Amino acid sequence: MRVKPTLQCPCESRHLEPAFQYDAPPAGETAFECAEGAYRRAYSRCGLCGHWFSKNEMDLGGLYGGAYVDNTYGDRMRQTFERILALPPERSDNAGRVAALVDFAARHFPVGVAPRLLDVGSGLGVFPCRMKEAGWCCTALDPDERAARHAREVIGIEAVQGDFMKIDLSSIGPFDVVTFNKVLEHVEDPVAMLARAQTLLAPEGFVYFEVPDGESASAEGPGREEFFIEHHHVFSTASAALLAGRAGFNPLLTQRLREPSGKFTLRVFATKS
């Protein structure tokens, strides 16, 4: 198996070491129909920065189109959205995310500013919904039309349907904040994806991204959800900073946490370099 995912590092994978290997899906992993071919995959870990790279020979090309929504939510998008919104703060990953963004923005922007936010890969839209309630002007972007329609009709915010890597970004923005919540690990080249946010940001804006924390998750073994099939990348604090830097951003704050759901997560706030 050859390594496809990249962080565009100059070491060119010279420090990779074999790590986890899988011949069958771990317990809890979603059975994506588009994951064609014999189930055989692995992770290699960089001995220099601690980043985890997925290796597989399966066809995952259609994972994030309609199949992703079908397998994850089925026809229960509205019900799932309302169930997550109803969670008490102590059980909600999103509550912590919103609090972190609001706190950082309060120190970053002038008093009285209502920030303009673009959430890339918005999915159910729970996050932009809560940010709207906090007084922010929000836009959702998702490749699935059902998610975009849900954002417009249920949440009442602007929505863009399309592939972030292909759409004409000159038709949207600028934004004070661009967010990628549990998105960048799902693409082979997260550097290229994050770098596209540069053109969308207002001069004093910042990006915020969340990625799975492999350093913490690996201590509990290969069955952790951070290492499920849909994750091309699993990060360390060092590789999260490398991602930001390679995409042209200066990381200002990194937070490591275990969320109420049990996920090990790294949060990164970064401005243009």
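Just so it is clear, the model here is predicted, and its values are computed rather than measured.

Draft legend 1. Highlighting the overall build of the protein chain. A tally of helices and strands in the protein chain yields eight helices and eleven strands. Compactness check: the protein chain gives a C-alpha radius of gyration of 18 Å against a globular reference of 19 Å for 273 residues, within 12% of the reference. Its C-alpha atoms give the protein chain principal-axis dimensions of about 50 × 40 × 40 Å. For the protein chain, buried positions account for 50% of its 273 residues. A separation of at least 24 residues holds for 67% of the contacts in the protein chain among residues at least 6 apart in sequence. Here the protein chain displays about 12,200 Å² of accessible surface, and carbon together with sulfur accounts for 50% of that area. Seen as two clouds, the 29 positive and the 36 negative side-chain charges of the protein chain have centres 2 Å apart.

Draft legend 2. Representation of the packing of aromatic side chains in the model. Per the counting criterion, the structure on display carries eleven aromatic pairs. Where Tyr-43 meets Phe-227, the ring centres are 5.3 Å apart and the plane angle is 75°; that geometry is what we call edge-to-face. Taken as a pair, Tyr-43 in strand 2 (residues 41-46) and Phe-227 in the loop between helix 7 (214-217) and strand 9 (233-234) lie far apart in primary sequence, 184 residues in all. Taking the relative accessible area as the measure of exposure, Tyr-43 reaches 1% and is therefore buried. Its relative accessible area of 0% is what places Phe-227 among the buried residues. Aromatic rings pair up to connect Phe-20, Tyr-22, Tyr-43, Trp-52 and Phe-227 into one cluster. A cation over an aromatic ring shows up here: Arg-41 above the ring of Tyr-22, its NZ or CZ 4.0 Å from the ring centre. Looking at Arg-196, its charged tip hangs above the ring of Phe-164, at a distance of 5.9 Å from the centre.

Draft legend 3. The arrangement of the nonpolar core in detail. With 37 residues, the main nonpolar core has Ile-172, Val-178, Phe-180, Leu-194, Phe-209 and Phe-249 as its most contacted residues. The leading source of residues in this core is strand 8 (residues 201-212), at four residues. Residues contacting Phe-249, with those up to four places away along its chain left out, are Leu-194, Ala-195, Ala-197, Gln-198, Leu-201, Val-207, Ala-244, Ala-270, Thr-271, Lys-272 and Ser-273. One finds Met-77, Cys-129, Ala-147 and Val-177 within the second-largest nonpolar core, a separate group that totals 28 residues.

Draft legend 4. Region of the structure containing the environment of Cys-138. Mapped onto the secondary structure, Cys-138 falls in strand 5 (residues 137-142). Relative accessible area serves as the criterion here: at 5%, Cys-138 is assigned to the buried category. Leaving out residues up to four positions away in the same chain, Cys-138 has contacts with Leu-117, Pro-128, Met-131, Lys-132, Ile-157 and Glu-158.

Draft legend 5. Broad picture of the sheet that holds strand 9. The antiparallel open sheet is built from four strands, whose spatial order is 1-2-3-9. Every other strand in the sheet has two partners, leaving strand 1 (16-22) and strand 9 as the edge strands with one partner each. Relative to strand 2, strand 1 runs antiparallel, the two sharing five bridges. Among the inter-strand pairings, Gln-21 is bridged to a residue of strand 2, identified as Ala-42.

Draft legend 6. Broad picture of the sheet that holds strand 6 (residues 158-161). Taken together, the seven strands give an open sheet; going across it, the order is 6-5-4-7-8-11-10, and neighbouring strands pair in mixed fashion. At either end of the open sheet lies a strand with only one pairing partner, and these are strand 6 and strand 10 (249-258). This sheet shows a mean twist of 15° between the axes of neighbouring strands, independent of strand direction. Bridge analysis of strand 8 against strand 11 (residues 264-272) gives six bridges, and the strand direction is antiparallel. Across the sheet, Glu-210 pairs through a bridge with Arg-267, a residue of strand 11.

Draft legend 7. Representation of the pairing of strand 5 within the structure. Of all six residues that make up strand 5, five are buried, and the element is covered over most of its length. Sheet topology places strand 4 (residues 116-120) next to strand 5; five bridges connect them, and they run parallel. Among the inter-strand pairings, Leu-118 is bridged to a residue of strand 5, identified as Thr-139. The handedness of the strand 4 to strand 5 crossover, carried by helix 4 (residues 126-133), is right-handed. As paired elements, strand 5 and strand 6 share four bridges and run parallel to each other. Bridge pairing in strand 6 places Asp-142 opposite Gln-161.

Thresholds applied
Residues numbered from 1 in each chain as written. Predicted model: local features only at pLDDT ≥ 70, side-chain atom pairs only at ≥ 80, totals over all residues. Heavy atoms only, no water. Helix = DSSP H or I, 4+ residues; strand = E, 2+ residues; numbered from the N terminus. Rg over C-alpha atoms; globule rule 2.2 N^0.38 Å. Buried < 20%, exposed > 50% of the residue type's maximum accessible area, 1.4 Å probe, protein only. Contact = heavy atoms within 4.5 Å. Areas by Shrake-Rupley, 256 points an atom, 1.4 Å probe, with all protein chains shown as cover. Lys, Arg positive; Asp, Glu negative; His and termini not counted. Charge placed at Lys NZ, Arg CZ, Asp CG, Glu CD. Phe/Tyr/Trp six-rings, centres within 6.5 Å; stacked < 30°, edge-to-face > 60°. Lys NZ or Arg CZ within 6 Å of the ring centre and 35° of its normal. Core = buried A, V, L, I, M, F, W, Y, C linked by side-chain atoms within 4.5 Å. Pairing = 2+ DSSP bridges. Axes fitted to C-alpha atoms, helices over the stretch in contact; angles between N-to-C directions. Right-handed = clockwise from strand over helix to strand, strands pointing away.

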